[in-house]
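# Architecture and fold: a report
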Amino acid sequence: MANERAKGERRSKIVPSSTEQITDDGSDPGLAAMDAIARWLAEHPEVPLVELAAISRDNITLGLLEPAQLPEPFEASGDTSESSDTWKITISDALELAGDDDYGYQTTALTAIGNKSDGSRILLNVSRWQIFGIVGTEDWARAALVGQIMVQATESWSRDQDLWLVGLGETAPKLIHFLGKYHSEHRFHVAESLSEISAEMLEGTSATLYVAGADHSTYLQFKALQNPHVGLLTDDVVTNEAMFLSEGDDGSAVIAPINVSVFPNVAWDLIEAMDIAWCEYLKLEEQAEVETKDLDYDELLSAEEPGDEPVSTQAAAEVDAAFTEIMATAGLTEAQPEPGQGTGEAPTASDEDDSDTDNRASSEPGTPRPLTIHLLGAVRVSGPAGELTGRNAEAVALLHLNGQPTPAQQISAALWPSDDSEGHTARTRRSRLLTKIRGMVPTAEATDDGWTIGTVATDVNEIDHLFATTPLEDEAKLIAACEAVKPALVDAGPWAEAQRSEIAQRLIAALDGLIDRALSDDAYGVVKAARAAMKRAGE
């Protein structure tokens, strides 16, 4: 292993590894440009899958699954005006692209395999190529597999990619702990063997299966899954039909059978930092357990009253501080996480939550906000996992308001009314949509009968409940509820027209009942607020 590390350290002085984006301070224009392209692609689902890409100092080249026509400032290979499967754009032009808050499905599984000698990054779509092997000495192959996991977890456009850590043993929790700042923890999954993973577990997701200790049986198990949105990376060559990375003598490797030489994602310093961070984490967890095990129930409660940081929170803060110190000691600067990732607030459209039938907000400090569909005003879904907006939230609202299984084609027709609800583009859109919904609403299901989300609270139900049950003596609460009334589903598509009317009629009926109740008790402040709310509801 010492010899392998020495080669890696010599190589890193000449050509940086793709793993160095973990310690990037956000100033790398190539990564920022690729991020911008991925966001632009979210607005252009008609563009085919990006099966490979190259990021150089000045340009980004995209290899598409099939020929297509891209608008300026993209330039087709060979300066042809016809459709092409190879397009180039300058870094500066890419940074100016207008994009979505989301990332396009075309790049979700795209990941940097390594850097060429000129410093350019080579990226492959692991779902497109399905199987990618790593062959070399045992230590090197393992380090290359771990390094590849680190790279994909920190690529912003892979935010929605599920990463399965298979057969990695104690390395799996270390990786999840180390990379939690960059990739949502619920996107990581652990299994001892590929045989533990069923096709149902992967349905509706885009995923990479990283398998250690792979052999030919791994290939057979993977083929049985039959999922075009899932790629397999192994620490050995499991079939001669796949691409693979072969270790060289100078720290480089060759991607076969295309014979491209790269410096792969082997970063011994980061692996060491990961191990140290894990040890520190275990020490602090043990310390926290010792500090709390002798407390009785009342003492434990008093230790966690508002204003005092719970022991577990203190330990978490110390782990975070230790992580920063470890990275600095290793000569590395801690990277800034993607917005919403690993910062205490989960990213938009991600994570998990269980909802109750009566899922109203709690005023208790520290209580996670309940899962709620906001139908009034701009449609959104909020909960412990973060927030859904746009079409993702609109889809949840549609499923809730339908109240019964909704056929997949009906969902496409409602959300993309001007496009075909059949075909590859429609299916891909729905696959991405279902992944987003499940990240926020774990009860969501897609069956042959259609899509459902189960019972989820809404702001309309909450306000209706307040109007009917709040005592008139609590005038401030009733007036606040009235002020929350606004037109429903204001940014939703044509499908919502009938639903807007039904919601307005329901609110008007509830407000009418509140006015009658308030008049009988001379609560004129409530009457005034309710009449104003009734007018807004009918707008």
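Quick look at the structure, then. Everything numeric here is computed off the predicted structure, so don't read it as measured data.

## Side note on the packing of aromatic side chains
In the structure shown here, the tally under the stated rule is two aromatic pairs. Above the plane of the ring of W129 lies R128, whose end atom (NZ or CZ) is 4.3 Å from the centre.

## Section: the pattern of salt bridges
For the structure shown, the criterion picks out 15 salt bridges. Taking the shortest distance from any N to any O, the salt bridge between R187 and D160 comes out at 3.8 Å. Taken together, the residues R187 in the loop between helix 6 (171-179) and strand 9 (188-191) and D160 in the loop between helix 5 (138-154) and strand 8 (162-166) connect sequence positions 27 residues apart. Of the two residues examined, R187 and D160, each falls in the buried class. Measuring nitrogen to oxygen at the nearest pair gives 3.0 Å for the salt bridge that ties E387 to R380.

## Digging into the sheet that holds strand 16 (residues 380-383)
In space, the four strands of this open sheet follow the order 17-16-15-20, with mixed pairing throughout. The open sheet terminates on both sides in strands that have one partner only, identified here as strand 17 (386-388) and strand 20 (457-458). In the sheet, strand 15 (residues 372-374) pairs with strand 20 via two bridges, with the strands oriented parallel. Bridging from a neighbouring strand, I373 pairs with T458 of strand 20.

## Looking at the side chain of D162
Inspection of the secondary structure assignment puts D162 in strand 8. At 3.3 Å, the side chain of D162 and the side chain of H189 are in polar contact. With residues up to four places along the chain from it excluded, the contact list for D162 reads R187, H189, T205, S206, A207 and T208.

## Brief notes about the pairing of strand 6 (residues 121-125)
With five of its five residues buried, strand 6 lies for the most part within the structure. The alternating pattern of strand 6 places R121, L123 and N125 on one face and I122 and L124 on the opposite face, and all of these are buried. Where strand 1 (residues 50-55) lies against strand 6, four bridges are found, and the strand directions are antiparallel. By the bridge assignment, A53 is partnered in strand 6 with L123. Inspection of the sheet shows strand 5 (residues 110-115) paired to strand 6 by five bridges, in the antiparallel sense. Each bridged residue has a counterpart across the sheet, and for A112 the counterpart in strand 6 is L123.

## Observations regarding helix 8 (residues 216-225)
Buried residues of helix 8: T218, Y219, F222 and L225, and no others. Mapping the buried residues of helix 8 onto a view down its axis gives an arc of 115°, with all of them on the same face. Close packing links the buried residues of helix 8 with strand 7 (131-135), helix 7 (199-202), strand 10 (207-211) and strand 11 (230-234). Q226, located one to two residues past helix 8, shows a positive phi value of around 50°.

## Quick notes on the nonpolar core
One finds I437, W451, I453, F467 and L489 to be the most contacted residues of the largest nonpolar core, which totals 57 residues. Here the element with the most residues in this core is helix 17 (residues 497-519); it accounts for seven residues. Aside from chain neighbours lying at most four places away, what touches F467 is L478, A481, C482, V485, A510, L511, L514 and R517. Residues I113, V126, M150 and I255 belong to the second largest nonpolar core, which totals 42 residues.

## Quick notes on the pairing of strand 10
When you tally the buried positions in strand 10, you get five out of five residues, the bulk of the element. Burial along strand 10 is two-sided: the residues A207, L209 and V211 and T208 and Y210 are all buried. Sheet topology note: the strand 8/strand 10 ladder contains five bridges and is parallel. The residue of strand 10 that forms the bridge with L163 is T208. Where strand 10 meets strand 11, five bridges bridge the pair, whose relative direction is parallel. Within the sheet, the bridge partner assigned to L209 lies in strand 11 and is L232. Crossover handedness for the path strand 10 to helix 8 to strand 11: right-handed.

## Things to note about the environment of A68
Topologically, A68 is positioned in strand 2 (residues 59-68). By relative accessible area, which is 12% here, A68 ends up buried. Linking A68 and P48, residues 20 residues apart in sequence, is a C-alpha distance of 7.3 Å. Apart from the residues within four sequence positions on either side, A68 is in contact with P48, S83, S84 and W87.

## Focus on the environment of L209
Tracing the chain through its elements places L209 in strand 10. A relative accessible area of 0% means that L209 is categorised as buried. For the pair L209 and V230, spaced 21 residues apart in the sequence, the C-alpha separation amounts to 7.3 Å. Setting aside anything within four residues of it in sequence, one finds L209 in contact with W164, L194, I197, L202, F222, L225, V230, G231, L232 and L233.

## Description of helix 2 (residues 29-42)
Taking 1.5 Å as the rise per residue, helix 2 with 14 residues should run 20 Å; its terminal C-alpha atoms sit 20 Å apart, in good agreement. Turning to helix 2, its buried residues are G30, L31, A33, M34, D35, A36, I37, A38, W40 and L41. Those residues of helix 2 hidden inside the fold are in contact with strand 1, strand 2, strand 4 (84-90), helix 3 (91-95), strand 5 and strand 6.

## So, the environment of Q499
Relative to the assigned elements, Q499 resides in helix 17. By relative accessible area, which is 13% here, Q499 ends up buried. Spatially, the C-alpha atom of Q499 lies 9.3 Å from that of N402, the residues being 97 residues apart in sequence. Among residues more than four places away in sequence, those in contact with Q499 are L401, N402 and L489.

## Regarding the packing of helix 15 (residues 459-469) against helix 17
Describing two packed helices takes the angle between their axes plus the distance from one axis to the other. Packing of helix 15 against helix 17 brings their axes to within 9 Å, and their N-to-C directions diverge by 15°. Judged by the inter-axis angle, helix 15 sits roughly parallel to helix 17. As helix 15 packs across helix 17, the resulting crossing turns out to be left-handed. Packed against helix 15, whose contacting residues are V460, N461, I463, D464, F467 and A468, the element helix 17 presents I503, R506, L507, A510, L511, L514 and R517 at the interface. Here the residues of the contact of helix 15 with helix 17 are counted per class, giving nine nonpolar, one polar and three charged.

Definitions and cut-offs
- Here the residue numbers are simple positions, counted from 1 along each chain's written sequence.
- Only residues with pLDDT of 70 or above have their local features reported here, since the model is predicted, and side-chain atom pairs are shown and tallied only from 80 upward, although totals for entire chains, interfaces and linings are computed over all residues.
- In computing side-chain properties, one takes all heavy atoms of the structure into account and sets aside hydrogens as well as water.
- Only rings of Phe, Tyr and Trp enter the pairing, Trp through its six-membered ring, and a pair is recorded when the two centres are within 6.5 Å. The plane angle decides the type: under 30 degrees is stacked, over 60 is edge-to-face, the rest tilted.
- Only Lys NZ and Arg CZ are tested; either one counts as a charge over a ring when it is within 6 Å of the ring centre and within 35 degrees of the ring normal.
- When a carboxyl oxygen of Asp or Glu lies within 4 Å of a side-chain nitrogen of Lys or Arg, that pair is called a salt bridge.
- Strands here mean DSSP runs of E at least two residues long; helices mean DSSP runs of H or I at least four residues long; both are numbered from the N terminus.
- Classification of residues uses two cut-offs on accessible area relative to the type maximum, computed with a 1.4 Å probe and protein chains only: under 20% is buried, over 50% is exposed, and between them is partly exposed.
- Pairing between strands is defined by DSSP: at least two bridges between them are needed.
- N or O atoms closer than or at 3.5 Å make up a polar contact, with two conditions inside protein: a donor-capable atom paired with an acceptor-capable one, and, for residues adjacent in sequence, both atoms drawn from side chains.
- A contact between two residues is defined here by any heavy atoms of the two lying within 4.5 Å.
- The arc in question is traced by the directions running from the helix axis to the C-beta atoms.
- For this analysis, a nonpolar core means a set of buried residues of the types Ala, Val, Leu, Ile, Met, Phe, Trp, Tyr and Cys, connected via side-chain atoms within 4.5 Å.
- Crossovers are described as right-handed under a simple rule: with the strands pointing away from the observer, the path leading from the first strand over the helix to the second runs clockwise.
- Between the first and last residue of a helix there are one fewer steps than residues, each counted as 1.5 Å, and that sum is the expected span.
- A fitted line through C-alpha atoms serves as each axis, taken over the contacting stretch for helices, and the angle formed by two N-to-C directions is quoted from 0 to 180°.
- Working rule for angles: under 35 degrees goes down as roughly parallel, over 145 as roughly antiparallel, 65 to 115 as roughly perpendicular, anything else as oblique.
- Left-handed is the label given to a crossing in which the near helix is rotated counterclockwise from the far helix by less than a right angle, and right-handed is the label when the rotation is clockwise.
- Under this grouping Gly is polar, as are all residues other than the nonpolar Ala, Val, Leu, Ile, Met, Phe, Trp, Tyr, Cys and Pro and the charged Asp, Glu, Lys and Arg.

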